[in-house]
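# Remarks on the overall topology
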Amino acid sequence: ISLFISLFLSIQSFAETINEIEFSGLNVIPKSTLISNLSVKVGDEYTAETSNEIIKVLFETGNFSDIKVENNDSTLLITLVENPHIKSLNIETKSDFNWSNWLDLDNEKALLNKESAKEIIKQYKLSPGNIFNKKKLFDLTEDIKAQYTASGFFNVDIIETLETDSQNRIDIQLDVNQGKRARTESISIFGSKAFSEEKLLKQLSLGTAKNSFINLLLPKDKYTELDLNQSIESLNAFYMNSGYLDFKVTNINKTLSDNKEKINIKIVISEGIQYKLGNVSFDGELGNQSVEKLTDLLSIKKGDIFNWQEVVNDVQKITDVFADQGYAFANINPTTEDVLDTVNIFFDISLNKKTYVNRITISGNTRTQDEVIRREIGLSEGS
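Basis of the calculations
Residues numbered from 1 in each chain as written. Predicted model: local features only at pLDDT ≥ 70, side-chain atom pairs only at ≥ 80, totals over all residues. Heavy atoms only, no water. Buried < 20%, exposed > 50% of the residue type's maximum accessible area, 1.4 Å probe, protein only. Helix = DSSP H or I, 4+ residues; strand = E, 2+ residues; numbered from the N terminus. Arc of directions from axis to C-beta. Contact = heavy atoms within 4.5 Å. Pairing = 2+ DSSP bridges. Axes fitted to C-alpha atoms, helices over the stretch in contact; angles between N-to-C directions. Core = buried A, V, L, I, M, F, W, Y, C linked by side-chain atoms within 4.5 Å. Patch = residues over 30% accessible without salt bridge, like charges linked within 9 Å, V, L, I, M, F, W, Y side chains within 5 Å. Areas by Shrake-Rupley, 256 points an atom, 1.4 Å probe, with all protein chains shown as cover. Salt bridge = Lys/Arg side-chain N within 4 Å of Asp/Glu carboxyl O. Lys, Arg positive; Asp, Glu negative; His and termini not counted. Charge placed at Lys NZ, Arg CZ, Asp CG, Glu CD.

## Considering helix H3 (residues 48-60)
Along H3, the residues that are buried comprise Thr50, Ser51, Ile54, Val57 and Leu58. Each buried residue of H3 sits inside an arc of 135° when the element is viewed along its axis, so together they form one side. In H3, the exposed positions that point more than 90 degrees away from the buried face belong to Glu49, Asn52 and Glu60. Close packing links the buried residues of H3 with helix H2 (31-37), strand S3 (45-46), strand S4 (64-72) and strand S5 (75-82).

So, in structure tokens, the structure goes:
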């Protein structure tokens, strides 16, 4: 009996009914807003999990730096410390650019300008009037650093200065020192057998400063992630257009110098075999075009080294032929089939409906009659 009584009293002590919810520490945020956020209401039972749930929900709003929950004689007391409101957020950028020394190869303009700074501040909801949140400020600074790093500024440094006044308003100053952009000191390509490394390097938009004067006008050694990605795409396109359809880049290794101003890149590739064009067939709606006529349009013939770009160009030629017959939305879908070292292509043609001219509107003619212009067009409504 005593065991059951103890268990009953224990349950009662952890499951009291909430008769009132009070907030302490609110200055700006309305009480009604917080009540609507809470999952507990007056009349609910207070359990051991209630306080944890309240703290979790209120912290997720990002409006508070400290939260304390107490249950005092069926009154739920929530003590809060509000985050300050943002009075101002200013981002200042410092670069190595100097108009008096604009010929210096290491001279760089600031990457972040006023407009882009405003945009990123707005994106993270840290504009004046918003509630300050340390997590949002951390994410903003990390985003800025990521943008600079992607553009080759590996020495970027951001100094934060935070000042809160007596009215719990905060001034935020971010001083961004971008440093110097890293330069590509060397690029090496491993795994190539069909082509020399020199020829492959010429396919890349990223390079090294072999000729200082040419590099001044067309700087290939300014490192950015975009240039590296574009270089990899160019390398991929070169191999695909040379018949190496199984080509892939297996590894890219980037090594920074100790001062983070020089970068060495090693690209490892796998070429695979070289394919040639096999059989070409046409399926679907051919309209008034015969297989022979369509085959004659192709610039790539059976036995030629397979070239994806030529296939793309040939698709456009076929599309134009049908477009001139009124099929403006013809769909030419090429599919391929690998057989040993050859590739067969199947062109599936869907002409869809013919397109007709609904209305021709001519504007800007103040001296010439519409009829004169229409005669020269060669098209009319309904054609």
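Additional details are given in the paragraphs that follow.
## Points about the sheet that holds S5
On the basis of which strands lie adjacent, the open sheet formed by three strands has the order S2-S5-S4 and mixed pairing. Both edges of this open sheet fall to strand S2 (20-24) and S4, since each of them pairs with a single strand only. Neighbouring strand axes in the sheet, compared pairwise and without regard to direction, differ in orientation by 20° on average. Where H3 meets the sheet, it contacts S4 and S5, and its direction lies at approximately 155° from that of S4.

## Considering the nonpolar core
Ranked by internal contacts, the top residues of the largest apolar core, which has 22 residues, are Phe282, Phe306, Ile318, Phe322, Phe347 and Ile349. Secondary-structure elements contributing two or more residues to this core are strand S12 (276-284), helix H10 (308-323) and strand S14 (342-350).

## Some points on a positive patch on the surface
Judged by side-chain charge, Lys199, Lys202, Lys210 and Lys220 come together as a positively charged surface patch. Residue placement: Lys220 occurs in the loop between helix H7 (212-217) and helix H8 (225-240). The exposure class of Lys220 is partly exposed, given its relative accessible area of 33%.

## Describing unusual backbone geometry
Across the chain, the bulk of peptide bonds are trans and the bulk of non-glycine residues have phi less than zero. One non-glycine residue, Lys260, lies in the positive phi region at around 60°. Along the chain, Lys260 turns up in the loop between strand S10 (248-256) and strand S11 (262-270). Accessibility expressed as a relative area gives 36% for Lys260, which makes it partly exposed. For Leu340, which is not glycine, the phi dihedral falls at a positive 55°. Note on placement: Leu340 falls in the loop between strand S13 (331-339) and S14.

## Some points on the pattern of salt bridges
According to the stated counting rule, one finds nine salt bridges in the structure shown. In this structure, the salt-bridge partner of Arg169 is Asp165, at a minimum N-O distance of 3.0 Å.

## What about the sheet that holds S12?
The sheet built from three strands is open, its strands ordered S12-S14-S13 with mixed pairing. Bordering the open sheet on either side are S12 and S13, each of which pairs with just one other strand. Each strand of the sheet is rotated relative to its neighbour by a mean of 20°, with strand direction disregarded. Across seven bridges, S12 lies against S14 in parallel orientation.

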